[in-house]
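Residue strings, one per chain:
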Amino acid sequence: MTITTPLSPTDRTKLRREKERAAIDRAALHDILRDGMFCHFGVVMDGAPLVLPTAYGMDLEAGADGTLYLHGSVAARSVVAAPQQTVCVSVTHADGLVLARSAFHHSVNYRSAVIFGVPRVITDPDEKLHGLNRIVDHLVPGRSTSVRPPNRKELAKTSVLALPLTEASVKTRSGAANDEEEDLDLPYWTGVIPLRVVADEPITNPDCDLDVPAHIKTRTYQLGGPYLSGW
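For clarity, every value in this text was computed on a predicted model and none was experimentally measured.

Chemist: Got a minute to help me understand helix α5 (residues 214-222) in this structure?
Modeler: Helical periodicity: at 3.6 residues per turn, an α-helix aligns residues three or four positions apart in one direction. Residues of α5 that are buried: H215, I216, K217, R219 and T220. For α5, the secondary structure elements touched by its buried residues are α3 (125-139).

Chemist: When you look at the environment of N109 in this model, what are you seeing that I'm missing?
Modeler: When you line up the elements, N109 lands in strand β7 (residues 107-117). We classify N109 as buried; its relative accessible area is 8%. Residues N109 and R17 lie 92 residues apart in sequence; the distance between their C-alpha atoms is 16 Å. Look past the residues within four positions of N109 in its chain and what remains in contact with it is H93, A94, D95, G96, V98, R173, S174, G175 and V192. There is a polar contact of 2.6 Å between the side chain of N109 and the side chain of R173. Here the side chain of N109 touches G175 through a polar contact of 3.1 Å, landing on its backbone oxygen.

Chemist: Please clarify how the pattern of salt bridges should be interpreted in this entry.
Modeler: Opposite charge on two side chains allows them to pair when their charged atoms are near. In this structure the tally under the stated criterion is nine salt bridges. Linking R134 and D59 is a salt bridge whose minimum nitrogen-to-oxygen distance equals 3.5 Å. Placement of the pair is R134 in helix α3 and D59 in strand β4 (residues 57-59), with a sequence separation of 75 residues. Given a relative accessible area of 9%, D59 falls into the buried group. When the shortest N-O distance is used, the salt bridge between R148 and E154 registers 2.8 Å. According to the relative accessible area criterion, R148 is exposed, its value standing at 57%. Judged by relative accessible area, E154 falls into the partly exposed class, the value being 31%.

Chemist: Any chance you could explain the environment of G175 here in plain terms?
Modeler: Assignment of secondary structure puts G175 in the loop between β10 (167-173) and β11 (191-194). Separated by 76 residues in sequence, G175 and L99 have C-alpha atoms that sit 11 Å apart.

Chemist: I would appreciate a short explanation of a nonpolar patch on the surface in the present structure.
Modeler: On the surface, L97, V108, I193 and L195 cluster together to form a nonpolar patch covering roughly 270 Å² of accessible area. Of note, L195 is situated in the loop between β11 and α5.

Chemist: Explain unusual backbone geometry to me, please; I cannot follow it from the model alone.
Modeler: In terms of backbone geometry, most residues other than glycine have negative phi values and most peptide bonds are trans. Positive phi, close to 55°, is recorded for D46, a residue that is not glycine. Secondary-structure assignment places D46 in the loop between β2 (38-45) and β3 (48-55).

Chemist: So what exactly am I meant to see when it comes to the pairing of β3 here?
Modeler: For a regular strand, the rule is simple: side chains alternate between the two faces of the sheet. Two elements, β2 and β3, share eight bridges in a ladder whose sense is antiparallel. Within β3, the position partnered with C39 by the bridge is T54. The hairpin turn running from β2 into β3, its antiparallel successor, is two residues long, and D46 in that turn takes a positive phi close to 55°.

Chemist: What am I meant to see in the nonpolar core here?
Modeler: Soluble globular proteins: nonpolar side chains tend toward being buried together. Counting residues in hydrophobic clusters, the biggest one holds 26 residues, and the most contacted among them are L29, L33, F41, L68, L70 and I115. Elements supplying a minimum of two residues to this core: α1 (26-35), β2, β5 (67-73), α2 (77-81), β6 (87-99), β7, β9 (158-164) and β10. Broken down by element, this core gets its largest block of residues, four residues, from β2. In this view, L33 contacts Y56, M58, L68, V91, I115, H138 and L165; residues no more than four positions away in its chain are not counted. In this structure, A62, L132, L155 and V160 belong to the second largest nonpolar core, which totals nine residues.

Conventions and cut-offs
Residues numbered from 1 in each chain as written. Predicted model: local features only at pLDDT ≥ 70, side-chain atom pairs only at ≥ 80, totals over all residues. Heavy atoms only, no water. Buried < 20%, exposed > 50% of the residue type's maximum accessible area, 1.4 Å probe, protein only. Helix = DSSP H or I, 4+ residues; strand = E, 2+ residues; numbered from the N terminus. Contact = heavy atoms within 4.5 Å. Polar contact = N/O pair within 3.5 Å; in protein donor to acceptor, adjacent residues only side chain to side chain. Salt bridge = Lys/Arg side-chain N within 4 Å of Asp/Glu carboxyl O. Patch = residues over 30% accessible without salt bridge, like charges linked within 9 Å, V, L, I, M, F, W, Y side chains within 5 Å. Areas by Shrake-Rupley, 256 points an atom, 1.4 Å probe, with all protein chains shown as cover. Pairing = 2+ DSSP bridges. Core = buried A, V, L, I, M, F, W, Y, C linked by side-chain atoms within 4.5 Å.

Quick look at the structure:
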């Protein structure tokens, strides 16, 4: 069952500015994570922050508040250092460029989630494979059952981190520009340029003579790509 407990602000997740943009419903966090494909993973290395873009997966039924999965090489310094500290993971969707009559009031429509926590290195082989499958299937649902699973050597080379979704904040903006009343009669265009991620038609590898499978066509269509023949 999907967890429905509200987000509980902490000192780190409490918004100081524009508090009206905060979401307290945990479902808002889940929606942002479901709609995203990549996150930014922040750790402290040698006393300095390091932020890395990476793919992720999640299981909303794992742990008390759900779990986010991240992976990397067992030799990756960020992956090695992460379980020894509180890390920060963020996921952001840019939904539109908000153009006002004044430069000051230009903005962006967005949905953003920030998650704090101490990640755990997964050592159980079955749980590790589950986490990796979640990452693969988050990008393309159904993909993990349509490929060769990782072998023992590949699993040994890969670390999987489990980050609880307990401490998180969500902030969003939507709608039109907010101009000053005295600027409403100025002769400048104002409005929103909507933004979205759109897939193009899949490109089959030169060494593959198979038709594009149904789960790839479905994912392409979900991402706003073209309707493909042969469904």
